Amino acid sequence: MKPRARANPPLLTCGVDEVGRGPLAGPVVTAAVILDPGNPVEGLADSKRLTPKRRDRLFDEIRDKALCWHIARAEVGEIDALNILHATRLAITRAVEGLAAAPDEILIDGNRVPESLQGRATAVVGGDDLHDCISAASILAKVARDREMVAMEATWPGYGFDRHKGYPTRVHLAALDSLGVTPIHRRSFGPVRQRLQQGKLF
């Protein structure tokens, strides 16, 4: 009698997404998530298409049900030193390397894969609408960053961080003109750099 063949263990697929490439202030935040096929999370979608209340609920559910997850970041100083593209790649690598389990495949939202992950990862344009694991990562990253920026308004009142989350809205630009540049602003970004040249410091 032939021995029964062992079933191959399921592949561990990690989804990765980032939030915060466009803001003038605050870190870029990334998340990596390996979902549990036996404990699915219902209602996953691109975080931008979900209401804040829905994102908050899913944020907790993803962390409870996922096989593992990790949220990482690149700080403002790293963004200014490396540029936003390379800082984002660094944060993505940190998110993947922070996972408690090593993934068999890595799906990254976007069109580029960090050099440190080449050969192991695939870039997926629009991936947060195509793969649940990337959707889950987008939700973790966005909620984590949004909460941090809301807290920043208490430290740096008057800028409206709780509303625009650091993006270059009219309110934010007006606050930069009237209040000046804070330590959490990205000095390499044009609107901030221009105001520094005008001597506008907090």
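Whatever comes next refers back to the structure up there.
Rules used throughout
- Residues numbered from 1 in each chain as written.
- Predicted model: local features only at pLDDT ≥ 70, side-chain atom pairs only at ≥ 80, totals over all residues.
- Heavy atoms only, no water.
- Helix = DSSP H or I, 4+ residues; strand = E, 2+ residues; numbered from the N terminus.
- Contact = heavy atoms within 4.5 Å.
- Axes fitted to C-alpha atoms, helices over the stretch in contact; angles between N-to-C directions.
- Left-handed = near helix turned anticlockwise from the far one by under 90°.
- Salt bridge = Lys/Arg side-chain N within 4 Å of Asp/Glu carboxyl O.
- Buried < 20%, exposed > 50% of the residue type's maximum accessible area, 1.4 Å probe, protein only.
- Phe/Tyr/Trp six-rings, centres within 6.5 Å; stacked < 30°, edge-to-face > 60°.

S.K.: I'd like a rundown of unusual backbone geometry, residues and numbers included.
M.R.: Excluding glycine, residues mostly have negative phi values, and the peptide bonds linking residues are mostly trans. One non-glycine residue, Asn-83, lies in positive phi territory at about 85 degrees. By the element assignment, Asn-83 lies in the loop between α2 (76–82) and α3 (84–97). Phi angles above zero are rare outside glycine, and Lys-165 is one such case at about 60 degrees. Mapped onto the fold, Lys-165 is located in the loop between α6 (161–164) and α7 (170–179).

S.K.: Can you explain the environment of Leu-35? Please cite residues and give values.
M.R.: Its location among the elements puts Leu-35 in the loop between β2 (28–34) and α1 (52–65). Apart from the residues within four sequence positions on either side, Leu-35 is in contact with Thr-13, Val-41, Leu-44, Ala-66, Leu-67, Asp-132, Cys-133 and Ala-136.

S.K.: Give me the lowdown on the packing of α1 against helix α5 (residues 132–155), citing residues and values where you can.
M.R.: Look at α1 against α5: their axes get within 9 Å of each other, and the N-to-C directions meet at 115 degrees. You can see that α1 and α5 cross each other, and the crossing is left-handed. Mapping the contact onto sequence places Arg-55, Asp-56, Leu-58, Phe-59, Ile-62 and Arg-63 in α1 and Ala-136, Ile-139, Leu-140, Lys-142, Val-143, Ala-144, Asp-146 and Arg-147 in α5.

S.K.: Account for the pattern of salt bridges, naming residues and giving values.
M.R.: Tallied over the entire structure, the rule returns 12 salt bridges. Salt-bridge contacts for Glu-78 lead to Arg-94; the nearest nitrogen and oxygen are separated by 2.7 Å. Of this pair, Glu-78 sits in helix α2 while Arg-94 is found in helix α3, placing the two residues 16 residues apart along the sequence. Judged by its relative accessible area of 22%, Glu-78 falls in the partly exposed class. Through salt bridges that share partners, Asp-46, Lys-48 and Asp-128 make up one connected network.

S.K.: Break down the packing of aromatic side chains for me, citing the residues and quoting the values.
M.R.: By the definition in use, this model includes 3 aromatic pairs. On the basis of an interplanar angle of 90 degrees and a centroid distance of 4.8 Å, the ring pair of Trp-156 and Phe-202 is categorised as edge-to-face. Residue Trp-156 is located in the loop between α5 and α6, and its partner Phe-202 is located in the segment after α8 (190–197); the two are separated by 46 residues in the primary sequence. Judged by its relative accessible area of 15%, Trp-156 falls in the buried class. Take Phe-202: its relative accessible area is 55%, and that puts it in the exposed class. Consider the rings of Tyr-159 and Phe-202, whose centres lie 6.2 Å apart with planes at 35 degrees: the pair is tilted. Linking Tyr-159 in the loop between α5 and α6 with Phe-202 in the segment after α8, this pair joins segments that are 43 residues apart in sequence. Take Tyr-159: its relative accessible area is 0%, and that puts it in the buried class.

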